[in-house]
Amino acid sequence: MKKIAIMGSGNGSNFEAIVKYFAQKPEMEVDITCLTDDVNAYILTRAKNLGVKYKYLPFEQNGAYFAVNNFDLIVLAGYMRILPEDVLNLGKFINIHPSLLPAFKGKDAIHRAFDAGVKVSGVTIHHVTSDLDGGKIIAQYPVLIGNLTHFDEFEAEIHNLEHKLYPIVIEKLLKDEVFDFSDLLGGCSGNCSGCH
Ligand code: GAR
């Protein structure tokens, strides 16, 4: 049995995608706890609807909580506070960010990337440090922005990609394996003739 905590402050769509992914893989035996620092966050409603354990965990109580609750992995999914080193030392924390880091760190990354006119953006999953959206990169995947791409399409593509990528990367980490592009492309490395 692997224990993971998913921490979010808002909508919780990544949380839901992760829960649904592991529900399809009972052989993985992943035990999920939802943690939020905002009692009004929609992630809590999702946890209740999905029948997942949840807890309101104020930011100031993170240290005390993680000192006595051990997880194989702590997954940040829209957690909007910077965690200090003393808390980060209590577990293995990863985060997802909707840009190709180190570009467009911080809030509103999808808008800022689009407004900057970049032609390739994407999603990054990385280890967490007390530097905002810093930490070593674990996995990245691109999204192309064509000349006719509307913002709403781009945003939807980023979120769809997040929902596919995050569960796979979490599974890899729980199995002590390393993510590669072929894990998302179904056996292809991203360079085959069908990719061009
Ligand atoms: C996601 O797009 C995630 O990448 C972003 O917050 C959103 C949370 O959505 N995180 C950051 O910008 C971190 N700097 P969700 O609550 O629906 O999963």
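Look a little higher up for the structure.
Computed from a prediction, not measured in an experiment: that's the story for all the values here. (Residues numbered from 1 in each chain as written. Predicted model: local features only at pLDDT ≥ 70, side-chain atom pairs only at ≥ 80, totals over all residues. Heavy atoms only, no water.)

(A) Structural detail: the pairing of strand E4 (residues 73-76). The side-chain alternation of E4 yields two buried faces, one formed by Leu73 and Val75 and the other by Ile74 and Leu76. Where strand E1 (residues 2-8) meets E4, 4 bridges bridge the pair, whose relative direction is parallel. Residue pairing for E4: Ile4 is matched across the bridge by Leu73. In this sheet, strand E5 (residues 93-97) lies alongside E4 in parallel orientation, the contact comprising 3 bridges. Among the inter-strand pairings, Val75 is bridged to a residue of E5, identified as Ile94. (Buried < 20%, exposed > 50% of the residue type's maximum accessible area, 1.4 Å probe, protein only. Helix = DSSP H or I, 4+ residues; strand = E, 2+ residues; numbered from the N terminus. Pairing = 2+ DSSP bridges.)

(B) Representation of the pattern of salt bridges. Under the definition given, this model contains 7 salt bridges. For Lys25, the salt bridge goes to Glu171, with nearest N and O atoms at 3.2 Å. Highlighted residues: Lys25 in the loop between helix H1 (13-23) and strand E2 (30-36) and Glu171 in helix H6 (residues 151-174), separated in sequence by 146 residues. A salt bridge links Asp183 to Lys172; the shortest N-O distance between them is 3.2 Å. You can see Asp183 sitting in helix H7 (residues 182-185) and its partner Lys172 sitting in helix H6, a full 11 residues away along the chain. (Salt bridge = Lys/Arg side-chain N within 4 Å of Asp/Glu carboxyl O.)

Nothing here speaks to function; it is all geometry.
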